[in-house]
Amino acid sequence: MFFCYNLIVSTNDKIIVYESKLEGTSDQYERLDQAIRTGRFVRNSIIRAWIDNRVKSRNDAYKHCAVLAKDQKFPWAGLLNSQARQAHAERAWAAVERFYRNCKAKIQGKKGFPKFQKYQVRASVEYKVSGWKLSECRRYLNLTDGFKAGTFKLWGTRDLHYYQLKQIKRVRIVRRHDGYYAQFLIDHKREETKELTGQQIGLDVGLNHFYTDNFGNKIDNPRFLRKDEKKIKRLQRRLSKTEKGSRNRKKARNKLGRVHLKVSRRRNDWVCKLAQRVIQSSDLVAIENLKVRNLIKNHCLAKSISDAAWYRFRRWLEYFSGVYGVPVIAVNPSYTSQNCSNCGQKVVKTLSTRTHKCPHCNYVADRDENAAINILKSALKELSTTVGRTECQVSGEIPLCLRVETLSSKVTQRKRKSNQ
Ligand SMILES: [Zn+2]
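Calculation notes
Residues numbered from 1 in each chain as written. Predicted model: local features only at pLDDT ≥ 70, side-chain atom pairs only at ≥ 80, totals over all residues. Pairing = 2+ DSSP bridges. Helix = DSSP H or I, 4+ residues; strand = E, 2+ residues; numbered from the N terminus. Core = buried A, V, L, I, M, F, W, Y, C linked by C-beta atoms within 7 Å. Buried ≥ 20, exposed ≤ 12 C-beta atoms within 10 Å, placed from the backbone. Contact = placed C-beta atoms within 7 Å. Axes fitted to C-alpha atoms, helices over the stretch in contact; angles between N-to-C directions. Parallel < 35°, antiparallel > 145°, perpendicular 65-115°, else oblique. Left-handed = near helix turned anticlockwise from the far one by under 90°. Nonpolar A, V, L, I, M, F, W, Y, C, P; charged D, E, K, R; others polar.

J.: Just checking my understanding: could you explain the pairing of strand S7 (residues 168-176) for this structure?
T.: For a regular strand, side-chain orientation follows a simple rule: the groups alternate between the two sheet faces. With five bridges connecting them, strand S3 (residues 123-127) and S7 associate as antiparallel partners. Its bridge partner being in S7, Val-125 is matched across the sheet by Ile-173. Where S7 meets strand S8 (residues 179-187), eight bridges bridge the pair, whose relative direction is antiparallel. Counted as the bridge partner of Arg-175 is Tyr-180 from S8. Between S7 and S8, which pair antiparallel one after the other, the connecting turn spans two residues.

J.: Where do I start with the nonpolar core in this structure?
T.: Nonpolar side chains tend toward joint burial in soluble globular proteins. Formed by 42 residues in total, the largest nonpolar core has its most connected members in Ala-35, Ile-46, Ile-173, Ala-182 and Phe-184. Here the element with the most residues in this core is helix H1 (residues 26-51); it accounts for seven residues. In this view, Ile-46 contacts Val-55, Ala-61, His-64, Ala-89 and Ala-92; residues no more than four positions away in its chain are not counted. Formed by 32 residues, the second largest nonpolar core is a distinct cluster that contains Leu-203, Trp-316, Ala-371 and Leu-376.

J.: Which parts of the structure should I look at to understand the sheet that holds strand S12 (residues 284-288)?
T.: Strand pairing in a sheet relies on backbone hydrogen bonds, with the paired strands running either antiparallel or parallel. Spatial strand order, S11-S10-S9-S12-S13: five strands in an open sheet with mixed pairing. Taken across any chain shown, the strands that pair with only one partner, and hence form the sheet edges, are strand S11 (218-219) and strand S13 (328-331). Across three bridges, the pairing between strand S9 (residues 200-205) and strand S10 (residues 211-213) is antiparallel. Along S10, the bridge assignment pairs Leu-203 with Asp-213. Strands in contact with helix H8 (residues 367-385) are S9, S10, S12 and S13; relative to S9, the strand with the most contacts, it is inclined by about 125°.

J.: Would you take a moment to explain the packing of H1 against helix H2 (residues 58-70) for this structure?
T.: The relative placement of two packed helices is expressed as an angle between their axes plus a distance between the axes. Running from N to C, H1 and H2 point in directions that differ by 120°, and their axes come no closer than 10 Å. In terms of orientation, H1 lies oblique with respect to H2. Remark: the crossing between H1 and H2 carries right-handed chirality. Facing H1, whose interface residues are Val-42, Ser-45, Ile-46 and Ala-49, H2 presents Ala-61, His-64, Cys-65 and Leu-68. Classifying every residue of the contact of H1 with H2 by side-chain character gives six nonpolar, two polar and no charged.

J.: Help me out: how do you make sense of unusual backbone geometry in this one?
T.: Peptide bonds are mostly trans, and most non-glycine residues show a negative phi. Of note in this structure, Arg-138 is not a glycine but carries a positive phi near 60°. Relative to the helices and strands, Arg-138 is located in the loop between strand S4 (132-134) and strand S5 (140-143). With a phi close to 50°, Lys-148 is a non-glycine residue in the positive phi region. Mapped onto the elements of the fold, Lys-148 is located in the loop between S5 and strand S6 (150-154). Owing to 11 C-beta atoms within 10 Å, Lys-148 belongs among the exposed residues under this scheme.

J.: Would you mind going over the environment of Arg-249 with me for this structure?
T.: Mapped onto the elements, Arg-249 comes out in helix H5 (residues 247-280). Along the primary structure Arg-249 and Leu-239 are separated by ten residues, whereas in three dimensions their C-alpha atoms are 6.1 Å apart. Once residues lying within four places of it in the same chain are set aside, the contact partners of Arg-249 are Leu-239, Thr-242, Glu-243 and Lys-244.

Interpretation note: all reported values are geometric properties and have no functional meaning in isolation.
What follows is the structure in C-alpha cells.
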C-alpha cells in the first residue's frame, strides 16, 4: 500500500502542509542530495561564523549567505537558490535564538548550544517562492536552481488545484529512507463547523491504556504497536551483527529505517483519527501537560513507542482544536492521580494500586478515571483564572522546531473535500 499525498500537522495552524513523493531518475536524486548537502553546509557555516563572532544577528546571517555564494572555495554554495540559502540561514539563526532564549530563561541542564549537523538520511532542503516551478497541471515539480535537478513527477497532487499558486509559501524537499518527498507549505486556515455536544472531556494517559477519560471509557493501545516493536527489535539485532561500513550494514539500516517509517505512519494515522473523534465529540478537552522531550528520551522501546504516539496525538488534538474551535487545555500533571476528585483530599497510592478509594469521603473509582476527572477539573479552574489568555499560551509547552513526519490522514482530507 502506498498513499499518495498527506496532510501534515504544522506548528502553525494557518499553514497547511501537503506532501507528495517525487518520482525521478537516480541522477536527479543525486542532484537533490547535493542540494540537501548544500543546505546543511549553509546552516553549519553560519553556526561556525556565529561561534567565531562574525555573525551577530539574523541580518548578518543573511549577509553571510551572499558571501558564501561568492566564495571560490565553495563553488556549490552558489548553485543553491538564493532564497533557499536564506531559508537555511534562518534555520541556523533559529537554533542560535533558541539557545539565547534558553539561557535567558535560565532553564536547568543543557541550554541547547547550536550543534553542527552531520549527515543523516532524514534531511531536507527548503525553498521559498523561487527556485521551483509547478507545471500547469500541477503534477510535475521542476527545480530550477543551479543543481538542475529537473522535473519530477508528483504522486497524486490533485489537492494542489484547490489552492492558488501564491498561497504556496515554501517547498521543502525531504529525503527519507524510502525516497524523496516534496512538502508544500500552503497559506490556508482550515475551519470547520461543529455542533455543540455539551460534553467536556478530560484524558489521562497511561501505559496500560492509551487513555482513560473522565467517564471511565478506556482506549486500548493498538495491537500493532506491540507487533511493530518486535519487528524493530529483530531488525535492530540484525543491524548490530553486520560489519561497520559494509554493504550489508547499509542495507540493514535502510530496512530498519523503512520499518520505522511504516510504524510511524501507521501510528500517526491511528492517533489522527482518534484525535479528530475526540475533538468532534467534545466542547472542551483537558489533557496533562507532559514534558514530551523527557518522555521520548527513555530507553524502553515499548514505552518510547507509546510516548511518541501520545505526543503525536496531542499535536493532532491541538491541530483539530484550531480547526473546530474546541479549546484543548494542558494542565500541570502533579497530583492528578493522587488527589480525590470528589473531595480534593490527597490519597497516596502506589503505581500498582488500580482503584482509588477515598478514606475521607468514601468515594471509589478507577484510578485513571479519578485522574481524568482531576485533569478536567483543573483545566476548568485554569480556564476561569486565565481569562484573556489564548489556548496556545496555556498549552504552549510544545517545542517549535520539531521534525514533521508524515501523517496519513485520508479521513481528514475526505472531510475537507466534502466541505468545499
Ligand atoms: Zn474523597
